[in-house]
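# Observations on the model geometry
Spelled out, the chains give:
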Amino acid sequence: MGKIGTNMLASKRILLIIGGGIAAYKTLDLIRRLRERGAAVTPVMTSAAEEFVTPLSVSALAGERVFRHLFDLTDEAEMGHIQLSRSADLVVVAPATADLMGKMAAGLANDLASTLLMATDTPVLLAPAMNVRMWEHPATRRNHDQLAADGIRFVGPNDGDMACGEFGPGRMAEPMEILAAIETALGDGPLSGRRILVTSGPTHEPIDPVRYIANRSSGAQGTAVARALAALGAEVVFITGPASVPPPQGVQVVPVESAREMDAAVDAALPVDAGVFAAAVADWRVASASDRKLKKSKDGLPVLEFAENPDILKRVSRLEAGRPRLVVGFAAETNDVVEHATAKRLRKGCDWIVANDVSPATGIMGGSENAVILISDEGAEEWPRMGKDQVAEKLALRIAEALGG
Ligand code: CTP
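Per chain, residue numbering runs from 1 following the sequence as it is written. Per-residue local features of the predicted model are confined to residues with pLDDT of at least 70, and side-chain atom pairs are confined, for both listing and counting, to 80 or more; whole-chain, interface and lining totals are unaffected and use all residues. Side-chain descriptors were evaluated using all non-hydrogen atoms of the structure, hydrogens and water having been removed beforehand.

## Some details on the layout of surface pockets
Condition: Buriedness of a pocket was judged along seven lines, with at least five required to meet protein on both sides within 12 Å; pockets are open sets of points on a 1 Å grid over the protein atoms alone, cavities are sets where a 1.4 Å probe fits but cannot get out, and lining residues have an atom within 4 Å of a point. Grid points are joined across faces, edges and corners, and a volume is the space filled by probe spheres set on the points. Each helix corresponds to a stretch of at least 4 residues labelled H or I by DSSP, and each strand to a stretch of at least 2 residues labelled E; elements are numbered beginning at the N terminus. Note on residue categories: nonpolar means Ala, Val, Leu, Ile, Met, Phe, Trp, Tyr, Cys or Pro, charged means Asp, Glu, Lys or Arg, and polar means any other residue, Gly included.
Its volume calculated, the second largest pocket comes out at about 1,400 Å³. If you go around the second largest pocket, you meet 46 residues; those closest to its centre are Ala-278, Ala-279, Ala-280, Val-281 and Ala-332. Broken down by secondary-structure element, the contributors of at least two residues to the lining of the second largest pocket are β8 (195-200), α10 (220-231), α12 (312-317), β16 (326-333), α13 (337-348) and β17 (352-357). Looking at the lining of the second largest pocket residue by residue, the class counts come to 22 nonpolar, 15 polar and 9 charged.

This is the structure we're talking about:
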């Protein structure tokens, strides 16, 4: 990657709208980091924001005056709100409150922040922050979907403990994550120009036209990895079995049902710079699958014969021509995790295995956290227990490093 810390945002201008939320204190750090990277920051504060941080701290860190009120713009001829809204390379709203999202989705413009957001012709990135119930409220869901459909980009919110004492999604993304999203939005993410395929979810293996064999994978980890890769600027081909979580935004979704369909879709997605194989692919399919519905019969119970499915990870890892530069597999183990996963890496021929212990005592299966061990030719590296989204983000950053962003 090697870009972070350099002047990669030099000569970029960010119009930073600060909404009224406790997370506004993190925005002060964001301003500092943007300026360290050479960006110019024009700050705008809503009056609610001023209840959380002062215009003086914001302007001191930004090194520019803070725009606060619609009618502050006394010199309309010189710097009207239209010009202010368009003079930036990117508009960032952090924290984006439920109120600001609602105004944007409805097209209201009754203060400086909402007017700038209506008047701008520049890409807009929101870093939402709010109480978990507010984030999950149907009105916020609707507003989020509307804004995403309008082409507004999002970073976060993250899961975690919140200032209000509750736990769940709603906490503003960390300044470094917002920075990565800003770089990506400006076409400068560490994975821009890289094409990466991700397999995810379970597969369904038909018994007959109405019945199938499946497994309990939700697709959550693969979805989080695809989202994190896209957030760093990768072009992601997301090949997913019938998962129970929705696919991320900003990726090319290829829906499949069976292992053989997944295998064909992976083939069609090549060449790629990297492949991440997070799907829980069924090892066997029903060899005797019928194209008619099986009927009850007096002659006894049906007998299902199995055939082996293609091992997609192994096949791609061993490609002689067109092998991705980096192939990453997953392994869920209940015991002797490092030994089993190390052997699996060699057996499959992939570069990395992301291994985790799914024995019931860990509470990882079905939980929101994960504790993984990254197995590579350098050995086993144990990561601290963290949220599944954070695991995905850490993995995406490692992939960016390996591909030499
Ligand atoms: N995988 C695949 N195609 C298959 C089976 C598995 O691409 N037909 C990939 C998975 O996406 C995952 C890794 O291989 O990245 C998991 O390996 P797998 O052989 O499924 O592990 P287990 O079934 O757990 O193996 P074992 O039974 O030996 O533990």
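## Description of unusual backbone geometry
What counts here: Think of it in three bands: residues with accessible area under 20% of the maximum for their type are buried, residues over 50% are exposed, and the middle band is partly exposed, with areas taken using a 1.4 Å probe on protein chains only.
Cis geometry marks the peptide bond from Ala-94 to Pro-95; its omega dihedral reads -5 degrees. Mapped onto the elements of the fold, Pro-95 is located in strand β3 (residues 90-96). Look at the link from Leu-270 to Pro-271: it is a cis peptide, with omega at 0 degrees. By the secondary structure assignment, Pro-271 is in the loop between α11 (259-269) and β13 (274-277). Of note, the phi angle at Ser-11 is positive, near 70 degrees, even though the residue is not glycine. The residue Ser-11 is located in the segment before β1 (13-18) in this model. The phi torsion at Asp-336 lies on the positive side, around 45 degrees, for a residue other than glycine. Judged by its relative accessible area of 44%, Asp-336 is partly exposed.

## Topic: the nonpolar core
Let me state the cut-off plainly: Remark: nonpolar core denotes a set of buried residues (Ala, Val, Leu, Ile, Met, Phe, Trp, Tyr, Cys) joined through side-chain atoms within 4.5 Å. The contact criterion used is simple: two residues touch if any of their non-hydrogen atoms lie within 4.5 Å.
Counting residues in each nonpolar core, the largest one holds 33 residues, and the members touching the most others are Leu-34, Val-92, Ile-178 and Ile-182. Of all the elements in the fold, those that place two or more residues in this core are β1, α1 (24-36), β2 (40-45), α2 (55-62), β3, β4 (124-128) and α9 (175-185). The residues touching Val-92, leaving out its near neighbours within four places in the chain, are Ile-14, Leu-15, Leu-16, Ile-17, Leu-125, Ile-178 and Ile-182. Listed in part, the 32 residues of the second largest apolar core include Leu-191, Val-236, Val-328 and Ala-392.

## A few points about the sheet that holds β13
How we decide: Strands were regarded as paired on the criterion that DSSP finds at least two bridges between them. Helix axes are fitted to C-alpha atoms over the stretch in contact, other axes to C-alpha atoms as well, and angles between N-to-C directions run from 0 to 180 degrees.
Pairing is mixed in the open sheet, where 8 strands are placed in the order β12-β11-β8-β13-β16-β17-β19-β20. Of all the strands in the sheet, just β12 (252-255) and β20 (379-382) have a single pairing partner and so form its edges. Averaged over all adjacent pairs, the angle separating strand axes in this sheet is 20 degrees, with direction ignored. Of the strand pairs in this sheet, β16 and β17 are connected by 6 bridges, and their pairing is parallel. Counted as the bridge partner of Ala-332 is Asn-356 from β17. Along the sheet, α13 makes contact with β16, β17, β19 (372-376) and β20, crossing β17 at roughly 155 degrees. This element, helix α14 (residues 388-403), spans β8, β13, β16, β17, β19 and β20 of the sheet and lies at about 165 degrees to β17.

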